[in-house]
Structure formats: structure tokens, C-alpha cells
Amino acid sequence: MTPARSTAVAGALLALTLLAGSAALPATPGVPDEAPPPAPPAALRLVSFDSCADALAALRTAAAAHVGPWGFGDGRFGMPNVRREAIAQSATAARADTSAPGHSTTNVQERGVDEPDVVKTDGRRIVTVTGGVLRVVDPASRQVTGRLDLTASRSGKGWSQHDLLLHGDRALVLTEDVELGLRRPAVTRPGFLPDGPPHDRTGSRLVLVDLAGAPRVLGTYRIEGRTVDARQTGGTARVVVRSAAQVPFPELPGAEDAARTAANRAAVAAAGIDAWLPAYEWSAGTERRTGQVGCDRLSRPTTTTGTSVLTVLSFDLAADRLTDGDPVSVAADADTVYGTGTSLYLAGERHLGGPPRPGRWVRPTGPSVTDIYQFDTGAAGRPRYVAAGSVPGWLVNQYALSEWEGHLRVATTTGGDVRTAESGVHVLRRQGAALVRVGAVTGLGRGERIFSVRYLGGTAYVVTFRRTDPLYALDLTDHTAPRVTGELKITGYSAYLHPLADGRLLGVGQEADRNGRVQGVQVSLFDVRDPARPVRVDRWHRPHAWSAAEHDPHAFLYDPGTGLVAVPVDDGVRLLRVAGDAITEQGRVSHPGAHVIRSLLVGDTLWTVSEAGLRASDPATARSLAWLPST
């Protein structure tokens, strides 16, 4: 298992431990409240800047109001890093290439919208990136046919995670440079301020690889900031990068908090526009070019904090280079990306308590809202900003969002602790440049928070949990009057929900006792054909175990043709089979000295991936057919 994924697993286990500890609090019945919802937050709108001077003045003003004695954010180490929640939910067998064997695809949220992952296949080849090395495997001969070390040309130092997008004979690799050191071009535009001096920042790095023969690098792209996520529709990839404002705050050992805050505000007032606008560099062969996102490509919401910038890049994966990415930026923050075939949504939580209070480790308190920015991605090239809006509360992950019939459904949890928490689903519709709430159902799971959400057309399933797991069924066919139709209470919870045929739903999560203390991984099979009476018809339970699919369903595999379910459990993969109303175990696949992180099907062969290598197995018996070590 890679360090990043080990950290994610550790975080998930820590969350389970904390959750178990919270079970001692008195339970509150989770009775849905279908009364008219409270007034929505004020509508967001984006405005552009007339010049860099105008942009700089607005960003300085906003940032000064959100700086404290230890800089931006909630602690002395500045803004927290974006969490990459590559959670996805819709794996089906794909046969886009009729000349290739039937094969599974990355488990994604929306059909036809791909998401980056550590392994991709088109049936003719399997492409993986582990340990910084890209490998190409021929599934027919079960041999490694290509290898490319992606760490040799890195400018940065240290470890970074790699993810892939695949289009024909092109692979786009997404990773990070720990040290960037981009040199900004000295260009002065009419009405705009000149760019600043070169300096080092953490950056995102993209590599375009040709797979037609031996894998070779066609071009690279580097930009200041961290990749939030990416989406691919057809041959166009959209990459979302978040860059924190790079203001050089002074070191003041022994100073009082008031003096620190005043000095930090002075640093903000002295910062140039390059503290906010990310620089980039792209190369193809011997050609190298640099640039910086222009102020004419930057917009801001009326409620910006001035502490970060989101940049959306667009790349044609059929081209022989990446060029400048045609960037468009928003002076806002987000950690969640949701995409459809025609829209890209960026969402982030915003606390309403104002700037950080004095104190070294004080975290934001009070109510929060989730700001959402919608871009039109229906055409190739630069996306077009169309609307913004806000809903109360925070998202569990990208599956809290769903677009259907011109409306955006958003599931959130509000409340600062388990005593005041409750959840709801809000329905938004674009009206001009605003996403306006037209309906909502609130009061779900009082005293609990959302653990998973799954939308299926006009129906939604929402799981909340503290001591028991209410699985709520919601009817969203009337956008102005969504309602709860049924509720099922069982012990434990489902952190990931996957649709099956014939009105069934599969949940992956944890069993728990009646006090809410978790007891090991659990796979539940629900019959949801009657929206008023969802029932659990079977379950599979492994005591004291955990599953990476709880926080990363890219690791989950379901084959509707055979009923095969591959679920990562501890360091291996458990092979289950769903037939009718029953779950049976088929076997277990493991790798020597490594955690299995992915499973995929090519023809009748199950392939599993880890840092140690790839294993081909019989999916019916788990018998090993071939082992391809990484070294």
C-alpha cells in the first residue's frame, strides 16, 4: 500500500475509533422533518476583474479579514491540504471497444465520465502506476510489455501519488512535485501588473504518455498548487487545481497573538498579485514554455476569503502535447469535484464564524455552508462558468451531489456536534447566474451525520449513523417537494452504496453493537423495491476487519453479468457473489507483503493490483493463474 493510501486507511480507522467513543452520548431519534426548510444562504455570484490592480485590491481585502496570528486557516501551519476523495460508485462491465475482450472499468459516479485511478484497462492492455513506475501489461499473454520510470524527470523531491486517465493510446498521469521552482514569465500586459520573481512552491505535475509502442513521454505540464481531482469526458480531461495564497508571513518568536495578527495583515497588504495567481510550465520534446494564469481568467465570488484559488485546466488527450491547459480560475476554495457529461461542479465548505480566533490550535466553530460553483463543460476547450449557490452544512463526499432533470440535489449535514447534527437533501435549480434552492427535506438522522448517499434517478438513499444505521429512502421526483418514503434501522452503517439489478442495493461499511461501537467490515444486501419498506435480506460480516472501499470505492468491483463482488478486506480482496437475495463467499486473493488496492476483470480473468505487482486469478475460485512482480 502506498503511503498516501496507508494514511487514508489510518484516518478511516481513527474515525471509527472516535465514532465508537461518541456512542456514549444519549441517542436522539432520527425522525424526518418535512416542514418548510429554513431560508437558504444568500445567493452566490461570481464577478470578474477589470485589471490586476482591481483583483489585487479585492484579494488583499478579503485575505486580511481571514488571517490570524498563525496565518490563514485553522492553525500555525497555514491552509490545510485539500483532501482527495476519489470515491466512486458505478462499476459495470464495459465493451466500448468491440475488438477487445469484455472488461470492467474504473468504478465511477456518472456513466461516461471517467475519474483518475492507479489502474486503467481498455481490454487490450492494463496500465498501472505504482511506486512512480508506469507499467503496461498484456492480459492475453499475462506479460509486462512496457515500463516507464516517471520519477527520473521529476523536479521535486520526495514521494508523491500517481493517478491515471486513459484515452486510446494516450495516458495522462497526475502527480505532484514537492518542490516546483517555476520561473514566471516577465510579461506586462496593458492594464495589468507585471509578473513577480521566480520562487518555489508545491505543484501539480501532469505527464502525457504515448502507449502505442514502448511507453514514452510526449509532454509534461506543471502548475503551482495541488490537484483536487479530475474528470474525463471523451478525449477531454478537466483537472482542478487548488493553490493556496503564498503570503510570506514574518517569524515573530515570543510575540503576542495581537501583534502576530497585525504583522500578518501587513504582509497581506504588501503581497503582490503573484501571491495568488499560479504559474505554470509545459514542455514537449525540447520545447519549453512558461506562463501564469492571467487576471482576465480570474473571477471571484462575493464571499471570497482570498486565501486560495481554484483553477480548471482542459487538455485534449488525443494531442501530442499538453500546451497551457487553457486555464480558468476562481478565487475560492473547494475540496469536492462532481462532474456530468455537460457540467463540472466544485464544492467546498465555508465556516460562517469569521476569521480564526486567537489561539494556536483553534479550529473554526459555528455554522457552515457549502458553496457550489457550476461550469458548463458541454463543449471541448475552456469550461464556461454559469452559476453558483450555497446550501447549509457540509458534504460527506462527491456522492452527496447529483444532477438530474436540470436540478442539482445536495445532501448535507448541519450542526457542530452530535447533539445538534441533522441532515437533509436540498434541490437547486439554475436561475440566471445563481443556483437557487427550490425544495428540501430536512431533519434526517437527528444527532447523527451522513455516512453515504446514493442517487438513482428520482430516488435517493441516505445513510446516517451514530448508534444505528437509518437507511432513508427519498422520493425526489417532485423537485419542489422531496419527501422521505421509508426508513430502515439496523446496527452498523454503510459507508458506500452500490446499485444492483432488480431493485437491490449493496452496502459496504461496518457492523456495530447497539452502543455504536464498530465490530468489523459488513456487506449488506438491501431490497428497496418497495420505497416505503426497505429491508436487508442478507449480509456478510468479517469481525475486526476494515475495508478500503469504505473511503475509496475505486477499490470496489461489481460484475453484473456474474454477480461477482470484489471487496478489499484488510490486506487482501474477498470475492463474494450476489445471486438473488443471497451473498456467498468465493475465496480470497492476496499479494506477498503488500495490500491489494484494486481489482479488475478482463475477459474471464480477475486481475488484482498492489505495490508488489499484479496477480491474475480465477474469479470463481480465487486460484492464482499468474504473478507479475513489480521488480
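Look up: the structure comes first, before these words.
Let us look at the structure shown here. (Residues numbered from 1 in each chain as written. Predicted model: local features only at pLDDT ≥ 70, side-chain atom pairs only at ≥ 80, totals over all residues. Heavy atoms only, no water.)

1. Comments concerning the pairing of strand E31 (residues 468-475)
The side chains of a regular strand alternate between the sheet's two faces. With eight of eight residues buried, E31 lies mostly within the body of the structure. Every second residue of E31 is oriented toward a common face, with Thr468, Pro470, Tyr472 and Leu474 on one face and Asp469, Leu471, Ala473 and Asp475 on the other, all of them buried. Strand direction decides the pairing type here: strand E30 (residues 459-465) and E31, joined by five bridges, are antiparallel. Across the sheet, residue Thr459 finds its bridge partner in E31, namely Asp475. What sits between the antiparallel neighbours E30 and E31 is a turn of two residues. Across eight bridges, the pairing between E31 and strand E32 (residues 483-491) is antiparallel. (Buried < 20%, exposed > 50% of the residue type's maximum accessible area, 1.4 Å probe, protein only. Helix = DSSP H or I, 4+ residues; strand = E, 2+ residues; numbered from the N terminus. Pairing = 2+ DSSP bridges.)

2. Re the packing of aromatic side chains
Counted according to the given criterion, the structure contains nine aromatic pairs. Relative to Tyr345, the ring of Tyr338 lies with its centre 5.8 Å away and its plane at 25°, an arrangement referred to as stacked. With respect to burial, Tyr338 and Tyr345 carry one shared label: buried. Look at Phe375 and Tyr385: their rings are 5.9 Å apart centre to centre, the planes differ by 70°, and that puts the pair in the edge-to-face class. Linking Phe375 in strand E23 (residues 368-376) with Tyr385 in strand E24 (residues 384-392), this pair joins segments that are ten residues apart in sequence. Using a relative accessible area of 1% as the deciding quantity, one classes Phe375 as buried. Grouped by ring-pair contacts, the aromatic residues Tyr221, Tyr280 and Phe315 constitute a single cluster. (Phe/Tyr/Trp six-rings, centres within 6.5 Å; stacked < 30°, edge-to-face > 60°.)

3. Let's talk about the side chain of Ser547
Position of Ser547 relative to the elements: it lies in the loop between strand E36 (535-543) and strand E37 (557-559). A polar contact of 3.2 Å, which involves the side chain of Ser547, links it to the backbone nitrogen of Ala549. Ignoring anything within four residues of it in the chain, the contact list for Ser547 reads Val508, Val521, Val567 and Pro568. (Polar contact = N/O pair within 3.5 Å; in protein donor to acceptor, adjacent residues only side chain to side chain. Contact = heavy atoms within 4.5 Å.)

4. A word on the nonpolar core
Grouped together as the largest cluster of nonpolar side chains are 28 residues, with contacts concentrated most on Ile372, Leu401, Leu408, Val410, Val425 and Leu474. Going through the elements one at a time, strand E22 (343-351), E24, strand E26 (407-414), strand E27 (422-431), strand E28 (434-444), strand E29 (449-456), E30 and E31 are the ones with two or more residues in this core. The residues touching Ile372, leaving out its near neighbours within four places in the chain, are Tyr345, Leu346, Ala347, Ala387, Ala388, Gly389, Val391, Leu401, Leu408, Val410, Leu428 and Leu435. (Core = buried A, V, L, I, M, F, W, Y, C linked by side-chain atoms within 4.5 Å.)

5. With respect to the pattern of salt bridges
Taken as a whole and judged by the stated rule, the model has 26 salt bridges. The partner of Glu287 in a salt bridge is Arg289, with the nearest N and O atoms 2.9 Å apart. Note that Asp371 is salt-bridged to Arg350, the shortest N-O span being 2.5 Å. With Asp371 in strand E23 and Arg350 in strand E22, this pair connects stretches of sequence that are 21 residues apart. Like Asp371, the residue Arg350 is buried in the burial classification. Here the salt bridges do not stand alone but share partners, grouping Asp122, Arg124, Arg125 and Asp169 into one network. (Salt bridge = Lys/Arg side-chain N within 4 Å of Asp/Glu carboxyl O.)

6. Quick notes on the state of the cysteines
Summed over all chains, the structure comprises one disulfide. Across the disulfide, Cys52 is cross-linked to Cys295 (sulfur-sulfur distance 1.9 Å). Residues Cys52 and Cys295 are joined by a disulfide whose S-S torsion is about 95°; by sign, that bridge is right-handed. Pair noted here: Cys52 is in helix H2 (residues 52-64) and Cys295 is in the loop between strand E17 (287-292) and strand E18 (298-301), with a separation of 243 residues, a long-range link. For Cys52, a relative accessible area of 1% gives the class buried. (Disulfide = S-S within 2.5 Å.)

Remember, this is a structural readout, not a statement about activity or role.
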